[in-house]
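One letter stands for each residue in the lines below.
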Amino acid sequence: MGSDDIFKKNRRGKLERKENLRRKKPDQILIVCEGVETEPNYLNGLKAKLEDECKKRMYIEIKGVGRCTTSLVDYTTKLVRESKLIYNEIWCVFDKDDFIDFDNAIEHSKKMGYMAAWSNESFELWLLLHFQYLDSQIGRADYNDKLSEIFNGFDNDVKKYDKSIKDIYDILHQYGDEQKAIKFAKRLEE
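Predicted, not measured: the structure shown is a model, and the values here were computed from it.

1. Section: the packing of helix α2 (residues 38-54) against helix α7 (residues 168-175)
Between α2 and α7, whose axes approach to 7 Å, the crossing angle comes to 70°. By the angle class used here, α2 and α7 are roughly perpendicular. Taken together, the residues of α7 that come into contact with α2 (itself represented by N41, Y42, G45, L46 and K49) are I168, Y169, L172 and H173. Classifying every residue of the contact of α2 with α7 gives 5 nonpolar, 3 polar and 1 charged.

Laid out in structure tokens, this is it:
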């Protein structure tokens, strides 16, 4: 291998080491969601945005499996064992409903080396925070109604909120405010 293979000349004629002699494999990330539609639809929208920016650096696989707590962690382990991919990161995404073994599931996921993420009560609250601050205790159906009211005012085909909206991330990105949602979520957490 000659010096031309390892070095290149800069503008001033000096030799510099070439960057990226080897192609780095993209990070492979697995995200396994308790929800079958809402969370995977949202995360797939986020994934599409990230892939446009980082296609060569990451591969993200998202699965909505309809299992909860420790069952979700065990199913994630099954998916990892059966996969031909070696994942750099593995995430378990839970709804924090009133499951008795929620804390056990978080600990179990940590023991397996997985990352854990969860939404308190309802993922729909996160969606709603893109449009307004809400700190009152309301039920899941009320979140859906509020989202439907908001969606009805948009100039697009979606006039009612539904868990199965495939492009939910795009709708939130177009009509809502993610930075506002983050600020509101932090305020709620405090």
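Moving on from the model shown.
2. Thoughts on unusual backbone geometry
Notably, T69 is not glycine yet its phi reads approximately 40°, a positive angle. Looking at the secondary structure, you find T69 in helix α3 (residues 69-82).

3. Things to note about the nonpolar core
Core analysis: the biggest nonpolar cluster contains 32 residues, and I31, Y42, L127, F151 and I168 have the highest contact counts within it. Secondary structure elements with two or more residues in this core: β3 (27-33), α2, β4 (58-64), α5 (123-128), α6 (140-152), α7 and α8 (178-189). With residues up to four places along the chain from it excluded, the contact list for L127 reads T38, Y42, L147, Y161, I168 and L172. Among the nonpolar cores identified, the runner-up in size contains 13 residues, and V73, Y87, I90 and C92 belong to it.

4. Quick word on helix α4 (residues 102-111)
Side chains of residues three or four places apart in an α-helix project in the same direction, reflecting 3.6 residues per turn. Listed in full, the buried residues belonging to α4 are F102, A105, I106 and S109. Down the axis of α4, the smallest arc covering the buried residues is 100°, so these residues share one side. For α4, the exposed residues lying more than 90 degrees away from the buried face are D103, N104 and K111. G113 sits one or two residues past α4 and shows a positive phi near 90°.

5. Some words on α3
Over its 14 residues, α3 runs 20 Å from end to end, which matches the ideal 20 Å to within 8%, given 1.5 Å per residue. Every buried residue of α3 is accounted for by T69, L72, V73, T76, T77 and L79. One side of α3 carries all its buried residues, which in axial view fall inside an arc of 160°. Set apart from the buried face of α3 by more than 90 degrees, the exposed residues are R81 and E82.

6. Re the environment of L134
Here L134 shows up in the loop between α5 and α6. Through-space distance from the C-alpha of L134 to that of A185 is 9.4 Å; in sequence the pair is 51 residues apart. Apart from residues no more than four positions distant in its own chain, L134 is found in contact with L125, L128, L129, Y143, K146 and L188.

7. Considering the packing of α3 against α4
Closest axis-to-axis distance for the α3/α4 pair is 7 Å, and the angle between their directions is 20°. Taken together, α3 and α4 sit at an angle that is classed as roughly parallel. Along the contact surface, α3 presents T69, T70, V73 and D74, while α4 presents F102, N104, A105, H108 and S109. Tallied by class, the residues present in the contact of α3 with α4 amount to 3 nonpolar, 5 polar and 1 charged.

8. Points about the packing of aromatic side chains
Following the criterion strictly, the structure yields 10 aromatic pairs and no others. Between F94 and F102 the ring centres are 6.0 Å apart and the planes differ by 80°, which places this aromatic pair in the edge-to-face class. Residue classification places F94 among the buried positions, given a relative accessible area of 1%. Taken together, F131, F151, F154, Y161 and Y175 form an aromatic cluster joined through their ring pairs. When the ring centre of Y133 is taken as reference, the NZ or CZ atom of R187 above it lies at 3.6 Å.

About the thresholds
- Residues numbered from 1 in each chain as written.
- Predicted model: local features only at pLDDT ≥ 70, side-chain atom pairs only at ≥ 80, totals over all residues.
- Heavy atoms only, no water.
- Axes fitted to C-alpha atoms, helices over the stretch in contact; angles between N-to-C directions.
- Helix = DSSP H or I, 4+ residues; strand = E, 2+ residues; numbered from the N terminus.
- Parallel < 35°, antiparallel > 145°, perpendicular 65-115°, else oblique.
- Contact = heavy atoms within 4.5 Å.
- Nonpolar A, V, L, I, M, F, W, Y, C, P; charged D, E, K, R; others polar.
- Core = buried A, V, L, I, M, F, W, Y, C linked by side-chain atoms within 4.5 Å.
- Buried < 20%, exposed > 50% of the residue type's maximum accessible area, 1.4 Å probe, protein only.
- Arc of directions from axis to C-beta.
- Expected span 1.5 Å × (residues − 1).
- Phe/Tyr/Trp six-rings, centres within 6.5 Å; stacked < 30°, edge-to-face > 60°.
- Lys NZ or Arg CZ within 6 Å of the ring centre and 35° of its normal.

Honestly, that's just the spatial picture; any functional story needs more than this.
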